[in-house]
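As a plain string of letters, each chain reads:
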Amino acid sequence: MLSINNLHVNVEEKPILKGLSLEVKPGEVHAIMGPNGSGKSTTGHVLTGREGYDVTSGGVSFLGKDLLALPIEERAREGLFLAFQYPVEIPGVSNMEFLKASVDALRSHQGLDSLDAVTFMKKAREACKAVKLDQAFLKRGVNEGFSGGEKKRNEIMQMMLLQPKLAILDETDSGLDIDALQVVAEGVNSLRSDDRAFIVITHYQRLLNYIEPDFVHVLVDGKVVKSGDRTLALELEEKGYGWIESEVA
Amino acid sequence: MSQDEIGKLIQQDYSAGFVTEIEAETLPPGLNEEVITYISKKKNEPEWMLQWRLKAFAAWKEMHEPEWAHVKYPKINFQDISYYSAPKSLEDKPKSLDEVDPELIDTYNKLGIPLHEQEVLAGVAVDAVFDSVSVATTFREKLKEAGVIFCSISEAVHEYPELVQKYLGSVVPQKDNFYAALNSAVFSDGSFVYIPKGVRSPMELSTYFRINESKTGQFERTLIIADEGSYVSYLEGCTAPMRDENQLHAAVVELVALDNAQIKYSTVQNWYPGDKEGKGGIYNFVTKRGVANKNARISWTQVETGSAVTWKYPSCILKGDNSVGEFYSVALTNNFQQADTGTKMIHLGKNTKSTIISKGISAGKSSNAYRGLVRMNPRAEGARNFTQCDSLLIGSSCGAHTFPYIESKNPSAIIEHEATTSKVSDEQLHLCLQRGIDAEKAVSMIVNGFCKEVFKELPMEFAVEAGKLLEVSLEGAVG
């Protein structure tokens, strides 16, 4: 599904990713862990096409397409979704209006008609319910005045509605209490299927108690230095990132 | 020319020579008493109307063009302009939409304007019998039943001279300002509305449905009188871009709200703004003002997307105790457009209230200024004002400016002012793009969200059109 091949990325001339490689197959859940500044979030940003991330060498293919050659919105329409670490507010634009535009853009890409308002509302309400977000949030401005936890749940709600092929969760667990963490994890788990994959970027092992990954990769200084199954995450929690860094060095 | 000479000129019948000289359908450029007399005679106006115009002209001659606005444009030579041109004859007009600029048609289609309306807007020579004429007739009868007068101001001068004489210039006097004086001297046509005591106008009045619509031209004059306890909602303009050969437009709108009356005046203005390089485009210098008597309420709502240069300050004089003034504005500038717009709230009466919500959006290389005055006079015991000015920038080559003036001469008055400037951020755009929404749709969504507070003041149908209009006006604003 996703194949990252020896990817080098600069941010403001400074190399951040230095030869990242990763293979993700349908149905898999990959966790990317690593210390601060190792390039975890950069990976998410460069895959979605955010400006300011210069690919100097390497490549990414997604569902057989050259991902890096596609504009941001095309990547999304192909089924790539990013749950943002810091969801931004769009005052005055209701969640509902925003999501309808998004759903319709994705459907139109698949050659489908726009959803009628009633069907859309039904789906949106279901998605809200799944992440325990009051329906009133649909009428509020996108993330406008939401608490940190509400913003994160709103991201997951969007993911449930958009049903992406590959979802990247960028530190979705940061700033969440245990209850919210469970809600988020349940949302993700309910979407797990044979034809859908996840990349879960996190700093802590905690989230992985709820979302069990098939693979865990440790990113240090812009490269995957160690991969394993979920026991690697437990080992990391016990020994800290210093252990890996010294082992690699 | 001395007063005596003017007097003579007015009294004399046109000599054959004079008539022949200006028999052409368009007057040669220039402005003098003869031109004004000609306009007045051509419209078959009574003597008092001519005198009124001449008085305005005398004042105008002594005045200077205002230069304080935050706009730049080449100096206008007022003697280079022709001040009267008869409506184009059918032969001169385009025969069908095929002869009209395809770009204009494209915009009409994007705004979803029906075909026969497109023809009217584009000035196509259409048969006099088309749908909206019969619609207009039906409306007119309904209005007549309610006692509402809605006609052209030229018609009103003949049919309702006592009302026109009493109220014309009562809110915006002839010598109010340079452009108002010019308008008073040469105004071509415009609307006249009178709502009788205690009557609620049975429908929203729109220039679009005004029958006998002659080309209102560049110096439009509107007078709306709401008698005691009456209510009217008036819609001006339309979302379609209006092309006009006249570059200079100087309109005057006067609103009179008598005791307990309410006037809601909504404008969606989309004059041709000039091309992407800033060439062409209308200069729009407008004076709009209303007087609110005891317990009366005047609301101005405007959505401005057009014109190369806009100079416009719909204002309220809150004369009566407990009167209310409101100003809701969205002004969008793109490419090389310049707008200097805002309002004046003059609080004279006790417990008067005013609200100002101004949303300025700048894109491209445009400049957008809010200029507002809130004045609390010594008698304005307990008066209150709330002002909110928000500016939204798209890109980094545009400018937004706020010039609020506050004068309070009454210690019990309360004035609040809030202002924000924000940018359509890369993060907001990125979020939309990451959800598959294309950049233009994203920007228009963000801008519409920003304007929500103002749009909700517009009549429903207008609000939908206004949203679409912003979308079309912002095309190409993001790369």
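Please refer to the structure higher up on the page.
About the cut-offs
- Residues numbered from 1 in each chain as written.
- Chains lettered and ligands numbered in written order.
- Predicted model: local features only at pLDDT ≥ 70, side-chain atom pairs only at ≥ 80, totals over all residues.
- Heavy atoms only, no water.
- Helix = DSSP H or I, 4+ residues; strand = E, 2+ residues; numbered from the N terminus.
- Buried < 20%, exposed > 50% of the residue type's maximum accessible area, 1.4 Å probe, protein only.
- Contact = heavy atoms within 4.5 Å.
- Areas by Shrake-Rupley, 256 points an atom, 1.4 Å probe, with all protein chains shown as cover.
- Lys, Arg positive; Asp, Glu negative; His and termini not counted.
- Charge placed at Lys NZ, Arg CZ, Asp CG, Glu CD.
- Phe/Tyr/Trp six-rings, centres within 6.5 Å; stacked < 30°, edge-to-face > 60°.
- 1 Å grid on protein atoms, 1.4 Å probe; cavity = no way out; pocket = protein on both sides within 12 Å on 5 of 7 lines; lining within 4 Å.
- Points joined across faces, edges and corners; volume = space filled by probe spheres on them.
- Nonpolar A, V, L, I, M, F, W, Y, C, P; charged D, E, K, R; others polar.
- Pairing = 2+ DSSP bridges.
- Right-handed = clockwise from strand over helix to strand, strands pointing away.
- Disulfide = S-S within 2.5 Å.
- Expected span 1.5 Å × (residues − 1).
- Axes fitted to C-alpha atoms, helices over the stretch in contact; angles between N-to-C directions.
- Core = buried A, V, L, I, M, F, W, Y, C linked by side-chain atoms within 4.5 Å.
- Salt bridge = Lys/Arg side-chain N within 4 Å of Asp/Glu carboxyl O.
- Buried area = accessible area lost by both parts, 1.4 Å probe.
- Polar contact = N/O pair within 3.5 Å; in protein donor to acceptor, adjacent residues only side chain to side chain.

1. Concerning the overall build of chain A
Secondary structure assignment for chain A yields nine helices and twelve strands. In terms of principal-axis extent, the alpha carbons of chain A reach across some 60 × 40 × 35 Å. Here chain A holds 249 residues, and 54% of them are scored as buried. In chain A, of all internal contacts separated by at least 6 residues, the share reaching a separation of at least 24 is 68%. Accessible surface for chain A amounts to roughly 10,800 Å². Of this, 48% is attributable to carbon and sulfur atoms. Computing the positive centroid from 28 side-chain charges and the negative centroid from 37, chain A places the two 3 Å apart.

2. Details of the packing of aromatic side chains
Residue and element names in this part refer to chain B. Evaluation of the coordinates by the stated rule reveals 20 aromatic pairs over all chains. Relative to Trp311, the ring of Tyr179 lies with its centre 5.2 Å away and its plane at 70°, an arrangement referred to as edge-to-face. Taken together, the residues Tyr179 in helix H10 (residues 178-186) and Trp311 in strand E11 (residues 309-312) connect sequence positions 132 residues apart. Judged on exposure class, the residue Tyr179 and its partner Trp311 are both buried.

3. Points about empty space enclosed by the protein
One simple way to see leftover space: roll a probe sized like a water molecule over the atoms. All names here are of chain B. Scanning the entire structure with this criterion turns up five cavities of 30 Å³ or more. Reported here for the largest cavity is a volume of approximately 110 Å³. In terms of lining, the largest cavity is formed by 17 residues, of which the most central are Ser358, Gly360, Asn368, Ala369 and Tyr370. Across the lining of the largest cavity, the residue classes break down as six nonpolar, ten polar and one charged.

4. Here we look at the pairing of strand E10 (residues 197-201) of chain A
All names here are of chain A. Along E10, five of the five residues are buried, which leaves the element largely enclosed by surrounding structure. The two faces of E10 match: Ala197, Ile199 and Ile201 on one face and Phe198 and Val200 on the other face are all buried. Of the pairings in the sheet, the one linking strand E3 (residues 29-33) to E10 comprises four bridges and is parallel in character. Pairing of His30 across the sheet is with Ile199, part of E10. Two elements, strand E9 (residues 166-170) and E10, share five bridges in a ladder whose sense is parallel. Looking at the pairing, Leu169 lines up with Val200 of E10. A crossover connection joins E9 to the parallel E10 through helix H7 (residues 178-191); in handedness this β-α-β unit is right-handed.

5. Section: the state of the cysteines
Residue and element names in this part refer to chain B. Evaluation of the coordinates by the stated rule reveals zero disulfides over all chains. Just so you know, Cys316 is unpaired, no disulfide at all, and the nearest cysteine sulfur is the one on Cys389, 15 Å from it. Taking relative accessible area as the criterion, Cys316 reaches 1% and is therefore assigned buried. Here Cys389 is not disulfide-linked; the sulfur of Cys451 is the nearest cysteine sulfur, at 14 Å.

6. Description of the pairing of strand E2 (residues 14-24) of chain A
Residue and element names in this part refer to chain A. Sheet topology places strand E1 (residues 2-11) next to E2; eight bridges connect them, and they run antiparallel. Paired with Asn10 across the two strands is Pro15, which belongs to E2. Taking the residues between adjacent antiparallel strands as the criterion, E1 and E2 are bridged by two residues, where Glu12 takes a positive phi near 50°.

7. Side note on helix H6 (residues 148-162) of chain A
Over its 15 residues, H6(A) runs 22 Å from end to end, which matches the ideal 21 Å to within 8%, given 1.5 Å per residue. Extensive coverage of H6(A) is indicated by the burial of 13 of its 15 residues.

8. Brief notes about the sheet that holds strand E8 (residues 262-269) of chain B
All names here are of chain B. If you trace the eight strands from one edge of the open sheet to the other, you get E3-E5-E8-E10-E13-E15-E17-E19, paired in parallel fashion. Taken across any chain shown, the strands that pair with only one partner, and hence form the sheet edges, are strand E3 (205-206) and strand E19 (414-423). By the bridge criterion, ten bridges tie strand E17 (residues 384-393) to E19 in an arrangement that is parallel. Along E19, the bridge assignment pairs Ser391 with Thr421. Taken strand by strand, helix H12 (residues 439-455) contacts strand E10 (297-304), strand E13 (324-333), strand E15 (353-362) and E17, and its axis lies near 160° from that of E15.

9. Thoughts on the nonpolar core
A:Leu2, A:Phe98 and A:Ile199 are the most contacted members of the largest nonpolar core, which totals 111 residues. Counting residues in hydrophobic clusters, the runner-up holds 59 residues, among them B:Ala156, B:Val172, B:Val186 and B:Tyr194.

10. Considering the sheet that holds E9(A)
All names here are of chain A. Taken in spatial order, the six strands line up as E6-E9-E10-E3-E11-E12 in an open sheet, and their pairing is mixed. In this open sheet, the two strands that pair with only one neighbour each are strand E6 (80-83) and strand E12 (223-228). Strand-to-strand, the axes of this sheet are offset by a mean angle of 20°, without reference to chain direction. When E3 meets strand E11 (residues 215-220), the two strands line up parallel, connected through four bridges. For Ile32, the partnering residue across the bridge sits in E11 and is His217. The sheet contacts of helix H8 (residues 230-239) involve E3, E11 and E12, and relative to E11 the element is tilted by about 45°.

11. A short note on the pattern of salt bridges
All names here are of chain B. Throughout the structure, instances matching the rule amount to 24 salt bridges over all chains. Here Lys288 makes a salt bridge to Glu236, at a shortest N to O gap of 2.7 Å. Here the residue Lys288 occupies a position in strand E9 (residues 283-292), and Glu236 occupies one in strand E5 (residues 231-237), the gap between them amounting to 52 residues. The two residues Lys288 and Glu236 agree in class, both being buried. The partner of Asp340 in a salt bridge is Arg371, and the shortest N-O contact between them spans 2.7 Å. With a gap of 31 residues between them, Asp340 in strand E14 (residues 338-347) and Arg371 in strand E16 (residues 367-376) connect regions that are remote in the sequence. The residues Asp340 and Arg371 share a single accessibility class, namely buried.

12. Section: the environment of B:Gln337
All names here are of chain B. Mapped onto the secondary structure, Gln337 falls in the loop between E13 and E14. Along the sequence, Gln337 and Ser425 sit 88 residues apart, while their C-alpha atoms lie 22 Å from each other. Not counting residues within four places of it along the chain, the set of residues in contact with Gln337 comprises Pro273, Thr305, Gly306, Ser307, Ala308, Leu332, Ser366 and Ser367.

13. Observations regarding the side chain of B:Ser391
As for its position among the elements, B:Ser391 is in strand E17. When residues no more than four places from it in sequence are discounted, the contact partners of B:Ser391 are B:Gly360, B:Ala400, B:Thr402, B:Thr420, B:Thr421, B:Ser422 and B:Phe450.

14. Some thoughts on the interface of chain B and chain A
Opposite the 18 residues of chain B that make contact, chain A presents 29 residues. Of the roughly 2,000 Å² buried between chain B and chain A on both sides combined, carbon and sulfur atoms contribute 65%. Contact with chain A buries area across many residues of chain B, yet B:His430, B:Gln434 and B:Arg435 alone supply 37% of it, more than any other trio. Between chain B and chain A we count two salt bridges in total. Where B:Arg435 meets A:Glu155, a salt bridge forms, and the shortest distance between an N and an O atom there is 2.7 Å. Between chain B and chain A we count nine residue pairs in polar contact (both at pLDDT 80 or more) in total. Elements that contribute at least two residues to the side of chain B that touches chain A include exactly helix H11 (426-434) and H12 of chain B.

That's the geometry; what it means functionally is another story.
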